[in-house]
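Coordinate analysis (summary)
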Amino acid sequence: MVQWPHSDLVTDRVTVGGREIAITHPRAAEDLIDEREYEIDERLPYWADLWPSGRVLADALAERPLRGRTMVELGCGLGLPAIAAHLAGARVLATDWYEVALDYARLNAHLHDPDRPLDTMLVDWSAPPPQLLARAPFDLVVGADVLYEPRHAAVLADLLTSLTGPASEVLIADPRRPDALGLLDRLDEAGWMHRTEEVRHGARVDEQGPIVRLHSLTPPGDGPGT
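Criteria and thresholds
- Residue positions are given per chain, counted from 1 along the sequence in the order it is written.
- Under the rules for a predicted model, residues below a pLDDT of 70 receive no local features and side-chain atom pairs below 80 are neither given nor counted, while totals for whole chains, interfaces and linings still include all residues.
- Side-chain numbers come from the whole structure's heavy atoms, not from hydrogens or water.
- Counting from the N terminus, the helices are the DSSP runs of H or I reaching at least four residues and the strands are the DSSP runs of E reaching at least two.
- Our radius of gyration looks at C-alpha atoms and nothing else; its globule reference is 2.2 Å times the residue count to the power 0.38.
- Classification of residues uses two cut-offs on accessible area relative to the type maximum, computed with a 1.4 Å probe and protein chains only: under 20% is buried, over 50% is exposed, and between them is partly exposed.
- Here a residue-residue contact requires only that any non-hydrogen atoms of the pair lie within 4.5 Å.
- Per-residue and other accessible areas were derived by the Shrake-Rupley procedure at a 1.4 Å probe size, with only the shown protein chains allowed to occlude residues.
- As used throughout, the charge tally considers Lys and Arg to be positive and Asp and Glu to be negative, leaving His and the chain termini uncounted.
- Working definition for charges: the position is that of NZ of Lys, CZ of Arg, CG of Asp or CD of Glu.
- Interaxial angle, 0 to 180 degrees, is taken between N-to-C directions of lines fitted to C-alpha atoms, where a helix line uses only the stretch in contact.
- For classification purposes, angles smaller than 35 degrees are called roughly parallel, those larger than 145 roughly antiparallel, those between 65 and 115 roughly perpendicular, and all remaining angles oblique.
- The hand of a helix crossing depends on one turn: near helix anticlockwise from the far one by less than a right angle means left-handed, and clockwise means right-handed.
- Gly counts as polar in this scheme, as do all residues outside two lists: the nonpolar Ala, Val, Leu, Ile, Met, Phe, Trp, Tyr, Cys and Pro, and the charged Asp, Glu, Lys and Arg.
- One speaks of a salt bridge when a side-chain nitrogen belonging to Lys or Arg is within 4 Å of a carboxyl oxygen belonging to Asp or Glu.
- Residues are said to line a cavity or pocket when one of their atoms sits within 4 Å of a point; the points come from a 1 Å grid over protein atoms alone, cavities being sets where a 1.4 Å probe fits but cannot get out and pockets being open sets with protein on both sides within 12 Å along at least five of seven lines.
- Grid points are joined across faces, edges and corners, and a volume is the space filled by probe spheres set on the points.
- One requirement defines pairing of two strands: DSSP has to find at least two bridges between them.
- Classification of ring pairs uses Phe, Tyr and Trp, with its six-membered ring standing for Trp, and accepts pairs whose centres are within 6.5 Å; under 30 degrees between planes counts as stacked, over 60 as edge-to-face, and the remaining range as tilted.

Scanning the protein from terminus to terminus reveals seven helices and nine strands. Taken over the C-alpha trace, the protein has a radius of gyration of 16 Å; the compact-globule value for 226 residues is 17 Å, and the two agree within 12%. Its C-alpha atoms put the protein at 50 × 40 × 35 Å along the principal axes. Among the 226 residues that make up the protein, the fraction classed as buried is 50%. Partitioning the intrachain contacts of the protein with sequence separation of at least 6 by distance along the chain shows that 67% fall at a separation of at least 24. Accessible surface computed for the protein: about 10,900 Å², of which carbon and sulfur atoms make up 48%. Once the 21 positive and 37 negative side-chain charges of the protein are each reduced to a mean point, those two points are 6 Å apart.

Below is the structure:
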């Protein structure tokens, strides 16, 4: 029997690539705010919401051949994209800096595939653990709504460079947050290739509106599939 970390929960059912994925999570993320954690590093429980960008990213992954490919999700939160790729046969590593977020990602994945646990790792982007870097390069590096603060751009640019090789692809789903430009500008200056698709989603509309930008980035080199 699954033991959830919290008692007041809801379950969202999302269809990804023709497969229904149930994601259980706390009913109200604001109830989980810890003032002591915020004082240390401005940490807030954004992980506890199922954000529209996560749905858009999961849909984008469902359109790609994933079986056997290696993928890491950065800032996975509840882990919908990671779980979708895991169920599609990718070799997935879900990462977050909240241990409890990883608990939910593992438990939700377990309910869909109890025989194949989802691999997770606690990761601080500013000090990535050596065991993460040792697994690079990944075929896919993905993130959903990970650029909501200015401080994220520089550390994420460095981390993406460390986790990718010439044949890697990075997918970032972003709901048009202003601070996303800081990352994109850094990668453009470093010679990365970049294309953007605007996706209108059917999930709940928050203050960012109904559009999510899906950024596909490839590092300097020959690019994926060559």
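There's more to say after this.
Two elements in contact, helix H6 (residues 152-163) and helix H7 (residues 180-189), have axes separated by 8 Å at closest approach and are oriented at 40 degrees. Between H6 and H7, the angle falls in the class oblique. In the packing of H6 onto H7, the handedness of the crossing is right-handed. Every residue of H7 that contacts H6 at Ala153, Ala154, Leu156, Ala157 and Leu160 is listed here: Gly182, Leu183, Arg186 and Leu187. For the contact of H6 with H7, a count of residues per class yields seven nonpolar, one polar and one charged.

In this fold, serine 53 is placed in helix H2 (residues 52-62). Residue serine 53 is classed as buried on the basis of its relative accessible area, which comes to 1%. When neighbours within four sequence positions are excluded, serine 53 is seen to be in contact with Ala144, Asp145, Ala173, Asp174, Pro175 and Val212.

Applying the stated criterion across every chain yields a total of ten salt bridges. Note that arginine 106 is salt-bridged to glutamate 99, the shortest N-O span being 3.8 Å. Three or more residues are tied together by salt bridges with common partners; here these are Glu99, Asp103 and Arg106.

Turning our attention to the layout of surface pockets. A volume near 610 Å³ is recorded for the largest pocket. For the largest pocket, the lining is made up of 32 residues, of which Gly75, Trp97, Trp125, Val146 and Tyr148 are closest to its centre. Partitioned by chemical class, the residues of the lining of the largest pocket number 17 nonpolar, seven polar and eight charged.

Moving on: the packing of H2 against helix H3 (residues 80-87). Their axes nearest at 8 Å, the elements H2 and H3 cross at an angle of 20 degrees. Considered as vectors, H2 and H3 are oriented roughly parallel to each other. Our pair here, H2 against H3, has a crossing hand that is right-handed. Of the residues in H3, those touching H2 at Gly54, Arg55, Leu57, Ala58 and Leu61 are Leu80, Pro81 and Ala84.

All right, on to the pairing of strand E9 (residues 211-218) then. The buried fraction of E9 amounts to seven of the eight residues, a majority that puts the element mostly inside the structure. Two elements, strand E7 (residues 169-174) and E9, share five bridges in a ladder whose sense is antiparallel. Residue pairing for E9: isoleucine 172 is matched across the bridge by histidine 215. In terms of strand pairing, strand E8 (residues 193-200) meets E9 through eight bridges, oriented antiparallel. Directly across from histidine 194, in E9, lies its bridge partner leucine 217.

Our next topic: the packing of aromatic side chains. Taken as a whole and judged by the stated rule, the model has four aromatic pairs. By the ring-pair criterion, three or more aromatic residues cluster together here, those being Trp4, Trp47, Tyr98 and Tyr104.

In this section: the side chain of aspartate 113. Of note, aspartate 113 is situated in the loop between helix H4 (99-112) and strand E5 (119-122). Excluding anything up to four places from it in sequence, aspartate 113 contacts His86 and Leu87.

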